Amino acid sequence: MKIISLKGGLGNQIFEYCRYRFLKETTSESIHLYYDSRRLKQHKGTLLCDCFDIALPKNSIIIDIAVAGLKALRAINLFPRLYDDTRDDCVLIDDYCQDRRFIGKARQWLHFREFHLSEKSQQVLSMIEAEDYPVAIHVRRGDYLIKQNLSDFGLCSTEYYRGAISHILSKHPSARFFLFSDDMTWVKENLPVENGVFVEKENGEPDHIDLFLMTRCRGHIIANSTFSFWGAMLADDKDATNIYPRRWFANTEWNVPDIFPDDWISL
């Protein structure tokens, strides 16, 4: 038996769901999801079903009890094989599952639901579809400005974005850039892009609309964020130019996750 903990924001939940599907397809063990309510509430709950046409298994009291027991053992460091998720034979997988071994079929497993787009978002989609080479730029600030997150995750510099824009234009001179962010005021003041489109949703429109729109672009300049990683990864364009920041974490003790396809460019 294996139990995968579902937690974090939408980007992390996608990684965890992919590992769940990967194990369901590649092992004979029983595979279960545990819904970590505390860490899900920090990021607006379980977001996968709002975004994608998938059916998650129902919450299981038996799995809740099993995880509580495994976490109790972890707290007193007994029987580490059961919860040491660096081992292939563990039971509880409580990491964020960020490994490209598990995401090769992500486009097959994850299809966007049909959802209503506001007039603003529909206009952006029409503009993206009309361009020869639309490029999504994602700037994440928001929760990364919290002191601890700033020390651990850090922020991508304006130099990174300018360098990435120049690289795209050297390959695709006709590229038009669509800028997505949780801090559009900062973007407008610090990242002016000639002929760029600042994508601003209607109030109350969910974040996964941005994810959907990013996947409709042909090129991507992503932040150090799993959210924008999936905006590029789920885009179906074999000729895409995707750029990611070489310095993925500010915390030098953290390793860059092995999630990036070989043809992506690090700057």
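Our subject is the structure that appears above.
Residues numbered from 1 in each chain as written. Predicted model: local features only at pLDDT ≥ 70, side-chain atom pairs only at ≥ 80, totals over all residues. Heavy atoms only, no water.

Trainee: Honestly, the nonpolar core in this entry has me stumped. Any pointers?
Mentor: The nonpolar side chains of soluble globular proteins are, as a tendency, buried together. Counting residues in hydrophobic clusters, the biggest one holds 55 residues, and the most contacted among them are Phe-52, Leu-110, Phe-229 and Trp-230. Counting residues per element, this core draws most heavily on helix H1 (residues 10-26), at seven residues. Leave out the neighbours within four places in its chain, and Phe-229 touches Phe-15, Ile-103, Ile-222, Ile-259, Phe-260 and Trp-264. Core analysis: the second largest hydrophobic core is formed by 21 residues, Tyr-160, Phe-177, Met-184 and Ile-243 among them. (Core = buried A, V, L, I, M, F, W, Y, C linked by side-chain atoms within 4.5 Å. Buried < 20%, exposed > 50% of the residue type's maximum accessible area, 1.4 Å probe, protein only. Helix = DSSP H or I, 4+ residues; strand = E, 2+ residues; numbered from the N terminus. Contact = heavy atoms within 4.5 Å.)

Trainee: Help me understand the packing of helix H10 (residues 208-215) against helix H11 (residues 226-233) in this model?
Mentor: When two helices pack together, their arrangement is given by the angle between the helix axes and the distance between those axes. Where H10 contacts H11, the two axes come as close as 7 Å, and the packing angle between them is 35°. The chirality of how H10 crosses H11 is right-handed. For the pair H10 and H11, contact is made by Asp-210, Leu-211, Met-214 and Thr-215 and by Phe-227, Ser-228, Trp-230 and Gly-231, respectively. Here the residues of the contact of H10 with H11 sort into four nonpolar, three polar and one charged. (Axes fitted to C-alpha atoms, helices over the stretch in contact; angles between N-to-C directions. Left-handed = near helix turned anticlockwise from the far one by under 90°. Nonpolar A, V, L, I, M, F, W, Y, C, P; charged D, E, K, R; others polar.)

Trainee: What should I look at first to understand the pairing of strand S1 (residues 2-6) in this one?
Mentor: Each regular strand shows side chains that alternate between the opposite faces of the sheet. The element S1 is extensively covered by neighbouring structure, given that five of its five residues are classed as buried. Both faces of S1 are covered, namely the face carrying Lys-2, Ile-4 and Leu-6 and the face carrying Ile-3 and Ser-5. Summarising the sheet, S1 and strand S2 (residues 31-35) pair through five bridges and their orientation is parallel. Bridging across to S2, Ile-3 finds its partner in His-32. Each parallel crossover has a hand, and for S1 linked through H1 to S2 it is right-handed. Looking at chain direction, S1 and strand S3 (residues 92-93) are connected through two bridges and run parallel. Along S3, the bridge assignment pairs Ile-3 with Leu-92. (Pairing = 2+ DSSP bridges. Right-handed = clockwise from strand over helix to strand, strands pointing away.)

Trainee: Can you help me understand H11 in this one?
Mentor: Residues lying three or four places apart along an α-helix face the same way, a consequence of the helix completing one turn every 3.6 residues. H11 sits mainly inside the fold: eight of its eight residues count as buried. Turning to H11, its buried residues number three or more, namely Thr-226, Phe-227, Ser-228, Phe-229, Trp-230, Gly-231, Ala-232 and Met-233. Buried residues belonging to H11 abut H1, helix H5 (106-109), strand S4 (134-139), H10, strand S7 (219-221) and strand S8 (242-244). One side-chain oxygen at the N-terminal end of H11 lies 3.2 Å from the backbone nitrogen of Phe-227; it belongs to Ser-225. (Polar contact = N/O pair within 3.5 Å; in protein donor to acceptor, adjacent residues only side chain to side chain.)

Trainee: Sorry, what's going on with the environment of Thr-158 here?
Mentor: Mapped onto the secondary structure, Thr-158 falls in helix H8 (residues 158-171). A residue is classified by how much of its surface remains accessible, and Thr-158, at 16% relative accessible area, is buried. A C-alpha to C-alpha distance of 7.3 Å links Thr-158 and Asn-190, two positions 32 residues apart in sequence.

Trainee: What am I meant to see in the pairing of strand S5 (residues 176-181) here?
Mentor: Within S5, six of the six residues are buried, leaving the element largely enclosed by the surrounding structure. Burial along S5 is two-sided: Arg-176, Phe-178 and Phe-180 facing one way and Phe-177, Leu-179 and Ser-181 facing the other are all buried. Bridge analysis of S4 against S5 gives six bridges, and the strand direction is parallel. Bridge pairing in S5 links Pro-134 to Arg-176.

Trainee: Can you walk me through the environment of Leu-40 in this structure?
Mentor: Mapped onto the secondary structure, Leu-40 falls in helix H2 (residues 37-41). Not counting chain neighbours up to four residues away, the residues in contact with Leu-40 comprise Leu-6, Lys-7, Gly-8, Gln-13, Tyr-35, Gly-45 and Thr-46.

Trainee: Honestly, the pattern of salt bridges in this entry has me stumped. Any pointers?
Mentor: It is possible for side chains of opposite charge to pair when their charged atoms get near one another. According to the stated counting rule, one finds 21 salt bridges in the structure shown. Ionic pairing is found between Asp-207 and Lys-201, a salt bridge with its closest N-O pair at 3.9 Å. The partly exposed category is assigned to Asp-207, whose relative accessible area is 42%. Salt bridges sharing partners connect three or more residues here, namely Lys-7, Glu-16, Asp-36, Arg-39, Lys-71, Arg-74 and Asp-94. (Salt bridge = Lys/Arg side-chain N within 4 Å of Asp/Glu carboxyl O.)

Trainee: Explanation requested: the state of the cysteines in the structure shown.
Mentor: Two cysteines, two sulfur atoms, one covalent bond between them: this is a disulfide. In total, this model carries zero disulfides according to the counting rule given. Looking at Cys-49, it has no disulfide partner, and the nearest cysteine sulfur is the one in Cys-51, 10 Å off. For Cys-51, a relative accessible area of 0% translates into the label buried. (Disulfide = S-S within 2.5 Å.)

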